[in-house]
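# Coordinates in review
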Amino acid sequence: MDASFDVVVLGVGSMGSAACYHLAKRGMSVLGLEQSSIVHEFGSHYGQSRIIRKAYFEHPDYVPLLKRSYELWNVLEQETGTRLYTETGLLYAGRKDSMLMKGVRESAGIHDIPIEFFDFDRLKKVYPPFSLHPGHDIIFESGAGFLEPERCIEAHVEQAKISGAQIRSHEKVLGWAKSGSGYEVTTNKGIYAAEKLVLTAGAWIGGLLPQVSQQLKVTRQTVFWMATKHPDLFSPERFPCWLAETENSGDVYYGFPNLQAGVYGPLHGLKIAQHNPGQVTDADSVDRMVSAEEKDAMRAVMEEIFPGEYAGLLHTKVCLYTYSPDEHFIIDVSKDDPNLIFAAGFSGHGFKFCSVVGEVLADLAQDGKSSLPVQFLSANRFL
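As the structure is a prediction and not an experimental result, all values here were calculated from the model. (Residues numbered from 1 in each chain as written. Predicted model: local features only at pLDDT ≥ 70, side-chain atom pairs only at ≥ 80, totals over all residues. Heavy atoms only, no water.)

### A word on the packing of aromatic side chains
The tally for this structure, following the rule as stated, stands at 25 aromatic pairs. On the basis of an interplanar angle of 85° and a centroid distance of 6.1 Å, the ring pair of Tyr254 and Phe256 is categorised as edge-to-face. In terms of burial, Tyr254 and Phe256 fall into one category: buried. Joined through ring pairs, the aromatic side chains of Phe118, Tyr127, Phe130, Phe140, Phe234, Phe239, Trp242 and Phe306 make up one cluster. In this arrangement the basic side chain of Lys178 is found over the ring face of Tyr183, its NZ or CZ atom lying 4.5 Å from the centre. Taking NZ or CZ as reference, Lys217 lies 5.8 Å from the ring centre of Tyr323, over its face. (Phe/Tyr/Trp six-rings, centres within 6.5 Å; stacked < 30°, edge-to-face > 60°. Buried < 20%, exposed > 50% of the residue type's maximum accessible area, 1.4 Å probe, protein only. Lys NZ or Arg CZ within 6 Å of the ring centre and 35° of its normal.)

### Some points on the nonpolar core
Formed by 79 residues in total, the largest nonpolar core has its most connected members in Leu23, Trp73, Tyr92, Val198, Ile331 and Phe353. In terms of residues, this core owes the most to one element, helix α8 (residues 354-367), which gives 8 residues. (Core = buried A, V, L, I, M, F, W, Y, C linked by side-chain atoms within 4.5 Å. Helix = DSSP H or I, 4+ residues; strand = E, 2+ residues; numbered from the N terminus.)

### Let's talk about the layout of surface pockets
The gaps left among the atoms become clear once a water-sized probe is rolled over them. The space that makes up the second largest pocket amounts to roughly 290 Å³. Lining the second largest pocket are 16 residues, and of these Phe57, Glu58, Met99, His275 and Glu327 lie nearest its centre. Looking at side-chain class alone, the lining of the second largest pocket contains 6 nonpolar, 6 polar and 4 charged residues. (1 Å grid on protein atoms, 1.4 Å probe; cavity = no way out; pocket = protein on both sides within 12 Å on 5 of 7 lines; lining within 4 Å. Points joined across faces, edges and corners; volume = space filled by probe spheres on them. Nonpolar A, V, L, I, M, F, W, Y, C, P; charged D, E, K, R; others polar.)

Here it is as structure tokens:
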């Protein structure tokens, strides 16, 4: 046995880095194991920016967790002196009776979240590049914006190390097994003992927790960065994040302001992606080439929403979503083993929560329960 720990965290990405941070801050001995580099482009967190919002159309029960998440991101910014969150506001657009728009109104009403209703004259005056369907509703949430995922993960990891956590990258978990009241974790570099395990392996959780993986599907999602003819109109000081249904398909797309390379990571341009599920795939064999057909389709979306602004394709990336059957998260303690904690199935809308999910996972590892309202995310609804 190479070493023993109170907790071993398997997967140090979005949720795992936050779990290591919160566990180590509570004085527990922590080992975080990551098969790739700490920040990498093979999973779900790469790509410069992630939207964070409170008028949560997916379900109003998420809003208390979001409020806590905002608080924790602010704490992490203060601890590290690093900018992690940029407030730009968020524009929602779609059919009045769609899940997107009904959900925004419902969450805002229940939780008293400030939102504004725009008409098309105001839209063109405030954000002139937009051209949205005249029959669609437009809602603006001023207290929304974006997080920088790579910096968020690096900040969690560095603060976890300061609190005594050991974080090991490029170390692949080969398996784990019960050993007395705890566990034995075997990697390609060693064997470790743990009193408790936290599994946060994202799209790779299937090999670590098969009973959960049977409820999950991994999808391939393409992301695009476009050049615009009037980049100043799309700067973070003048342009919001957005979520919009297209007129032709009704699919939901999302995007960000034009982010400058170097200031917001190595990529630049107007980032656009489709929120709807992509092709089902496997995390280890996903096709990471973006086809000409996919590029043409996204250019058509760009020209529908921002007519006359397309000036070329700058970058493309492929990332992974891991969907649960109802597209809500799964965060729980194993019903068969109180020392096994897991988080999975974030369904393409999880990153904004990773600060609070880390706190929940630390609660579950330390006390077997959390005071935060996560009961609706229990695995009992599936397992």
